[in-house]
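# Descriptive structure summary
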Amino acid sequence: EWTLIILTTFFTEGYGFIPSSVFAIKSYDYVNVFLIIASIIGYMKDKSFFNIKKMNFVYIIYLLIAYQSFEILRTLYIGAESLGFIIKVARINIIYLSFFVLRTIPLQAFRRYIKLNLYFCIIQGIFFYLQLLGINLLQGRVDEATSTGQITRYANCPAFTLFYIFYCFFCKKNIYSKVFYLCFWGGMLILGQSRGAITVVSLAFVLYYIIKNKLKYYTILVPTAILTIYLVMPMFQYRDEGSRSNFIEDITNIVTAENFTEIENNGGTFTFRIAMLAERFNYLMENPQYMLTGVGCIHEDSPNCYERFDFIVGTENEERINGYCLIESGDITWVPILLRYGLLGAFIYLLFLVYWIISGITYLKYSKNPIYIAASL
């Protein structure tokens with residue numbers, strides 16, 4: 001469990017307390033080194049370390065590793081990127097080794113880790129709320145919504161917030177404990193103006209009770225949903241005030257737009273994200289040789305990127321040459337996947353998610369373990 005805590009510390013940059021500059025390299029690179037060493041040792045001890053039977057999910061992991069390896073070799077072969085930049089792009093895929101490493105850890109250790117990690121995340125959460133009093137020890141994104149009113153948006157809540165919303169709710173028996181933790185974790189999403197997260201958490205709870213067929217809870221869900229709408233809707237409206245279009249207009253804009261400059265200047269958040277994806281897909285359509293397998297492992301900071309692509313819509317980033325990203329995106333995950341790895345790569349990642357959903361529904365139906373339920377939701 002302490003190994004998992006150390007790995008989490010690197011993944012979360014010291015639970016949000018350590019500046020990224022302290023790590024010298026990307027913090028997850030330390031995890032990559034651990035996974036490589038642990039995998040080598042695991043294989044030396046047991047030759048069947050990577051050979052997992054009676055678990056269909058392993059074949060998706062094999063497929064991901066094989067396809068990413070293919071993309072590395074293909075990118076080198078067609079000369080789309082230099083080896084150094086290819087490694088920078090591809091090294092994040094070392095994370096797939098965690099599937100083989102983590103499954104060797106006993107379940108009891110995972111249970112102890114979940115509880116230990118909860119304490120660390122609660123401490124981080126307390127300091128999250130202390131930001132309202134001007135005590136700013138946490139790293140991470142805190143910004144102003146410049147479109148209206150300068151309301152501060154705290155987007156640096158604990159990385160495990162969504163997990164512990166569900167875990168604490170289903171783990172605690174006392175109703176007061178349930179309400180406390182629901183407010184504790186949910187309040188961070190509200191202060192972070194995380195509309196997507198709030199929406200999916202709400203839907204996940206509804207899904208849980210539908211799958212479990214717990215009709216008696218509907219009488220609780222309905223008034224709770226109404227109360228949530230009245231509490232959260234002002235924040236949704238606030239975030240939309242800077243946009244000149246609503247959801248329906250967003251979709252219309254994408255379909256009818258003659259150029260993406262028009263969307264960039266007039267679209268809402270949804271338009272911006274889908275337009276970003278659509279613009280990259282248009283590039284693949286105009287260059288059909290890349291449609292199936294993408295342009296390869298091209299790095300955002302490489303001349304092969306900013307001298308090659310002239311996309312108009314992109315996530316704002318002052319550190320980039322154009323002031324925004326051409327491949328990477330914190331707004332929509334599918335942009336780099338589709339552009340780099342094509343339709344085939346996007347299909348494999350979609351397959352990963354579909355299998356997760358199917359497995360999750362199965363666990364929701366039959367399990368009473370709060371860890372399984374939280375992870376599934």
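In this text, all values refer to a predicted model and were calculated from it rather than measured experimentally. Numbering of residues starts from 1 in every chain and runs along the sequence as written. Only residues with pLDDT of 70 or above have their local features reported here, since the model is predicted, and side-chain atom pairs are shown and tallied only from 80 upward, although totals for entire chains, interfaces and linings are computed over all residues. Hydrogens and water molecules were not included; the side-chain quantities draw on all heavy atoms of the structure.

On to the side chain of serine 98, then. Mapped onto the secondary structure, serine 98 falls in helix 5 (residues 98-102). Each residue's exposure class comes from its accessible area (1.4 Å probe, protein chains only) as a fraction of the maximum for that residue type: buried when under 20%, exposed when over 50%, partly exposed otherwise. On the accessibility criterion, serine 98 (16% relative accessible area) is buried. By definition, residues are in contact when any of their heavy atoms lie within 4.5 Å. Those residues in contact with serine 98 that sit more than four places away from it in its chain are Leu35 and Arg103. Each helix is a run of DSSP H or I of at least 4 residues and each strand a run of E of at least 2, with the numbering of both proceeding from the N terminus.

Okay, the pattern of salt bridges next. Basic side-chain nitrogens of Lys or Arg form a salt bridge, by our definition, when they fall within 4 Å of a carboxyl oxygen of Asp or Glu. As enumerated under the stated definition, the model contains seven salt bridges in all. Two residues, glutamate 1 and arginine 112, come together in a salt bridge whose shortest N-O distance is 2.9 Å. Of the two residues, glutamate 1 is situated in the segment before helix 1 (2-11) and arginine 112 in helix 6 (residues 107-130); the sequence distance between them amounts to 111 residues. Residue arginine 112 is classed as partly exposed on the basis of its relative accessible area, which comes to 42%. Between arginine 273 and aspartate 331 there is a salt bridge, with its nearest N and O atoms 3.8 Å apart. Placement of the pair is arginine 273 in helix 13 (residues 269-286) and aspartate 331 in the loop between helix 14 (303-306) and helix 15 (334-366), with a sequence separation of 58 residues. With a relative accessible area of 32%, arginine 273 lands in the partly exposed category. Take aspartate 331: its relative accessible area is 27%, and that puts it in the partly exposed class.

Here we take up the packing of helix 3 (residues 57-78) against helix 4 (residues 83-90). Packed helices, taken two at a time, are described by the angle their axes make and the gap between the axes. Interaxial distance between helix 3 and helix 4 falls to 11 Å at its minimum, and their mutual angle equals 160°. Classified by the interaxial angle, the pair formed by helix 3 and helix 4 is roughly antiparallel. By crossing handedness, the relation of helix 3 to helix 4 is classed as right-handed. Contact with helix 3, carried on its side by Ile72, Thr75 and Leu76, involves Leu83, Ile86 and Ala90 of helix 4 and no other residues of that element. Here the axes come from fitting lines to C-alpha atoms, over the contacting stretch only for helices, and the angles between their N-to-C directions go from 0 to 180 degrees. Here roughly perpendicular refers to angles of 65 to 115 degrees, roughly parallel to angles under 35, roughly antiparallel to angles over 145, and oblique to all remaining angles. Here is the rule for handedness: rotate from the far helix to the near one, and if that takes an anticlockwise turn smaller than a right angle the crossing is left-handed, while a clockwise turn gives right-handed.

Where helix 7 (residues 161-171) contacts helix 8 (residues 175-191), the two axes come as close as 8 Å, and the packing angle between them is 170°. Between helix 7 and helix 8, the angle is such that the two are roughly antiparallel. Taken together, the residues of helix 8 that come into contact with helix 7 (itself represented by Thr161, Leu162, Tyr164, Ile165, Cys168, Phe169 and Phe170) are Lys178, Tyr181, Leu182, Trp185, Gly186, Met188 and Leu189. Here the contact of helix 7 with helix 8 is built from residues that sort into eleven nonpolar, two polar and one charged. Gly is placed with the polar residues, together with every amino acid not listed as nonpolar (Ala, Val, Leu, Ile, Met, Phe, Trp, Tyr, Cys and Pro) or charged (Asp, Glu, Lys and Arg).

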